[in-house]
Amino acid sequence: MSENSSRIIGKAKLMLMQDDITRQSTDAIVNAANSGLMGGGGVDGAIHRAGGPAIKEECKQIIAKIGRLDAGKAVITTGGNLPSKYVIHTVGPVWHGGSRDEPELLASAYRESLKLAAECKLRSVSFPSISTGAYGYPVAEAAEIAIETVVSFLRGMLVTLEEVYFVLFDTGTYRAYSSVLDKLVSKS
Ligand code: ADP
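Sequence order as written defines residue numbering, which begins from 1 separately in each chain. At least 70 in pLDDT is required for a residue's local features to be given in this predicted model, at least 80 for side-chain atom pairs to be given and counted, and no such filter applies to totals for whole chains, interfaces and linings, which use all residues. The basis for every side-chain value is the complete set of non-hydrogen atoms in the structure, without hydrogens or water.

Now for the overall build of the protein chain. Secondary structure elements follow DSSP: runs of H or I no shorter than four residues count as helices, runs of E no shorter than two count as strands, and numbering proceeds from the N terminus. Each helix and strand counted, the protein chain has 5 helices and 7 strands in total. Reading the secondary structure of the protein chain in the N-to-C direction produces β-β-β-α-α-β-β-α-β-α-β-α. Here the C-alpha radius of gyration of the protein chain, 15 Å, is about what a compact globule of 188 residues would show, namely 16 Å. Each of the three principal axes of the protein chain carries a C-alpha extent, and together these read 45 × 35 × 30 Å. The contact criterion used throughout is that any non-hydrogen atoms of two residues lie within 4.5 Å. Considering only residue pairs separated by 6 or more positions, the protein chain has 69% of its internal contacts joining residues 24 or more positions apart. Using the Shrake-Rupley algorithm and a 1.4 Å probe, accessible areas are obtained, with residue cover drawn only from the displayed protein chains. For the protein chain, the computed accessible surface area is about 8,800 Å², with 49% contributed by carbon and sulfur atoms. Between the mean site of the 20 positive side-chain charges and the mean site of the 20 negative ones, the protein chain shows a separation of 3 Å. With the radius of gyration taken over C-alpha atoms, the globule rule is written as 2.2 Å times the number of residues to the power 0.38. In this tally, Lys and Arg are treated as positive and Asp and Glu as negative; His is ignored, and so are the chain termini. Here the site of a charge means NZ on Lys, CZ on Arg, CG on Asp, or CD on Glu.

Put into structure tokens, the structure is as follows:
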């Protein structure tokens, strides 16, 4: 990992890495899910495949109770067979050009996931790049919202989170996040 890819924010460490999120052993990994919580393509499919049926079983029970998980909201389940103990499922916005509250909904997906991690007293959490795959959110803009939201949460935080990772699958996404981090957060 290059030196540029980590920062201390308050009492926590924020890190970028290029990897497969299903291999991470943080307390939780975040899933860029869809509102039905029944799995899908991209990172969602990869998490369900690697985590096994226990995750889908809990998702079914959640959907039986709440109907659907709206964009900007988050819920937590077991990590099943994953190295992480928990999966936090959140739904990012589908990109429609930016006029349908997409920035606020994307920020909310990160914030609600972090709140849930803090409420569950987790110490470490890994995020993928929410909404920038099938949901079509432009990656430079999404990276700015993702990093700003996490940084402002960590600055305001009095609780347990010690490590937040962005686990980015491809080089282009990693570079986009890295340049936003360099622009927004000075090196510690
Ligand atoms: P969305 O529907 O929210 O756009 P996608 O899963 O289609 O979600 O894409 C979100 C991001 O997750 C993309 O950058 C995609 O390349 C990435 N991704 C896909 N598989 C993995 C994985 N196993 N680990 C980390 N990131 C992944």
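A regular strand carries its side chains on alternate faces of the sheet. For strand β2 (residues 12–18), the tally of buried residues reaches 5 of 7 residues, placing the bulk of the element in the interior. Any two strands are treated as partners once DSSP identifies two or more bridges connecting them. Pairing geometry for strand β1 (residues 6–9) and β2, over 4 bridges, is antiparallel. Bridge pairing in β2 links Ser6 to Met15. Hairpin connection from β1 to β2: 2 residues lie between these consecutive antiparallel strands, with Gly10 at a positive phi of about 60°. Pairing analysis gives 6 bridges linking β2 to strand β7 (residues 163–168), with the strands arranged parallel. Within the sheet, the bridge partner assigned to Lys13 lies in β7 and is Glu163. Exposure classes here rest on a 1.4 Å probe applied to the protein chains alone. A residue is buried below 20% of its type maximum, exposed above 50%, and partly exposed in between.

That is the geometry; function is a separate question.
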